[in-house]
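Below are the chains, spelled out letter by letter.
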Amino acid sequence: MKEIITINSISELHDFFGLEKPKHPLVSVVRLAKELKDLDIEKFKYSVGLYQISLKDNCPFTITNYGRNSYDYQEGSMVFMAPNQVLEVEKQNVNREDTGWSIVFHPDLIRKSELGKKIGQYSFFEYSSNEALHLSDEERTTVTEIALKIEREFNSNLDAHSQILIISNLELLLNYCVRFYDRQFFTRTNLNQDFVSQFEQVIKEYYKANKQIEFGIPTVQYCGEAMNMSPKYLSDLLRKETGQSTQDHIHQYIIEKAKNQLLNTTESASEIAYALGFEYPQYFSKMFKKKTAMSPNEYRHSIN
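As recorded by an unreviewed UniProt entry, the chain carries the name YesN/AraC family two-component response regulator and is attributed to Frigoriflavimonas asaccharolytica.

Draft legend 1. Representation of the overall build of the chain within the structure. Within the chain one finds 13 helices and ten strands. When the 304 residues of the chain are sorted by exposure, 48% land in the buried category. Working note: accessible area of the chain is about 16100 Å², and carbon and sulfur atoms make up 47% of it.

Draft legend 2. Seen up close, the side chain of glutamate 139. Following the sequence through the fold, glutamate 139 ends up in helix α4 (residues 137-155). In this structure the side chain of glutamate 139 is engaged in a polar contact, spanning 2.7 Å, whose partner is the side chain of arginine 183. In this structure glutamate 139 touches His134, Phe180 and Arg183, once residues within four positions along its chain are discounted.

Draft legend 3. Up close: the nonpolar core. Grouped together as the largest cluster of nonpolar side chains are 63 residues, with contacts concentrated most on Ile53, Met78, Phe80, Ile103 and Phe125. Here this core gets nine residues from one element, more than from any other, and that element is helix α5 (residues 162-187). If you look at the next biggest cluster of nonpolar residues, it comprises 14 residues, including Ile5, Ile7, Ile10 and Val48.

Draft legend 4. Geometry of the sheet that holds strand β4 (residues 51-55). Reading across the sheet, the five strands line up as β2-β9-β4-β7-β10 and stay open at both edges, with antiparallel pairing between neighbours. The open sheet is flanked by β2 (27-31) and β10 (133-134), the only strands paired with a single partner. Relative to β10, strand β7 (residues 77-81) runs antiparallel, the two sharing two bridges. For methionine 78, the partnering residue across the bridge sits in β10 and is leucine 133. On the sheet, α4 packs against β2, β4, β7, β9 (101-105) and β10 and is oriented at approximately 125 degrees with respect to β2.

Draft legend 5. Unusual backbone geometry, seen in detail. The residue asparagine 228 is not glycine, and still its phi comes out positive at about 55 degrees. Mapped onto the secondary structure, asparagine 228 falls in the loop between α8 (220-226) and α9 (231-242). Judged by its relative accessible area of 54%, asparagine 228 is exposed. Its identity as a non-glycine residue notwithstanding, alanine 293 has a phi of 70 degrees, on the positive side. The topology assignment puts alanine 293 in the loop between α12 (281-292) and α13 (296-303).

Draft legend 6. Local environment of the pattern of salt bridges. Within this structure, the stated rule accounts for eight salt bridges. Residue glutamate 151 is joined to arginine 31 by a salt bridge in which the shortest nitrogen-to-oxygen separation is 2.8 Å. Placement of the pair is glutamate 151 in helix α4 and arginine 31 in strand β2, with a sequence separation of 120 residues. By relative accessible area, glutamate 151 is classed as buried at 15%. Salt-bridge contacts for arginine 239 lead to aspartate 236; the nearest nitrogen and oxygen are separated by 3.5 Å.

Draft legend 7. Representation of the packing of aromatic side chains. For the coordinates displayed, the defined rule picks out 19 aromatic pairs. On the basis of an interplanar angle of 45 degrees and a centroid distance of 4.4 Å, the ring pair of phenylalanine 80 and phenylalanine 124 is categorised as tilted. Taken as a pair, phenylalanine 80 in strand β7 and phenylalanine 124 in the loop between α3 (114-118) and β10 lie far apart in primary sequence, 44 residues in all. Accessibility assignment for this pair places phenylalanine 80 and phenylalanine 124 in one class, buried. Here phenylalanine 284 and phenylalanine 288 contribute two aromatic rings whose centre-to-centre distance is 5.9 Å and whose plane-to-plane angle is 55 degrees, an arrangement assigned as tilted. Pair noted here: phenylalanine 284 and phenylalanine 288 are both in helix α12, with a separation of four residues, about one helical turn. Each member of the pair, phenylalanine 284 as well as phenylalanine 288, is classed as buried.

Reading the values: the criteria
- Residues numbered from 1 in each chain as written.
- Predicted model: local features only at pLDDT ≥ 70, side-chain atom pairs only at ≥ 80, totals over all residues.
- Heavy atoms only, no water.
- Helix = DSSP H or I, 4+ residues; strand = E, 2+ residues; numbered from the N terminus.
- Buried < 20%, exposed > 50% of the residue type's maximum accessible area, 1.4 Å probe, protein only.
- Areas by Shrake-Rupley, 256 points an atom, 1.4 Å probe, with all protein chains shown as cover.
- Polar contact = N/O pair within 3.5 Å; in protein donor to acceptor, adjacent residues only side chain to side chain.
- Contact = heavy atoms within 4.5 Å.
- Core = buried A, V, L, I, M, F, W, Y, C linked by side-chain atoms within 4.5 Å.
- Pairing = 2+ DSSP bridges.
- Axes fitted to C-alpha atoms, helices over the stretch in contact; angles between N-to-C directions.
- Salt bridge = Lys/Arg side-chain N within 4 Å of Asp/Glu carboxyl O.
- Phe/Tyr/Trp six-rings, centres within 6.5 Å; stacked < 30°, edge-to-face > 60°.

In structure tokens:
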């Protein structure tokens, strides 16, 4: 099956996978193996207009591509998908009981809530799938208990408190995942330091090849793609390791190059700006002053 299957509601999701009618129109918890093992499809692509939070165990389906990335969705890992992302899924053989699950919810569930206002702050919804969250047994127990609370809430008689409690538990789950990602960044600090060095080399090679002349200053998107990372994941990784985002690092590198050129050449600030990849010299001057508290010319004369 090569065409992309589009699913825009909880009801459509249940219909496609042959599940029972949903107990709630905006949220569901799906048992990945128990409910999907008899699905008569070997491989498919789908785009879902829903948020998905999935814990992998021994699922009969595995993600093979997520956007443009191949992905090893390991046992005991979590992946987070924002609406309208394309996934390619392939059936696999399983030989033991699966305890994984997926929480799937429509944006309308949280639209008028505080969680709806800040859902964009959970940057792991924009990570690539090869940047999954890998859980310890204790962490896995914690997130599963919350998922079960959400399921019990919409399976019981819905009342005026149901939506508030479901959303509160979703937010609790996401906040725990923020903590667990912080732990994962910390425990991988040696590997992440290698990524910091690799990132710095990406910027150096960009300017060494004079790509800024054609494409302008390097973007966060470019750096992420060059390192096979999502822009959000790269920025979060750098911030954890260095206290600065990807864009902060790019700007700092540019400022250092600009300082060298201001002190070692007679080129004007505008000429230096164009050489560094700025389309508009005034943008370069504004950034330089923001970082150094001096204009380019003030800096040149202050040192000389």
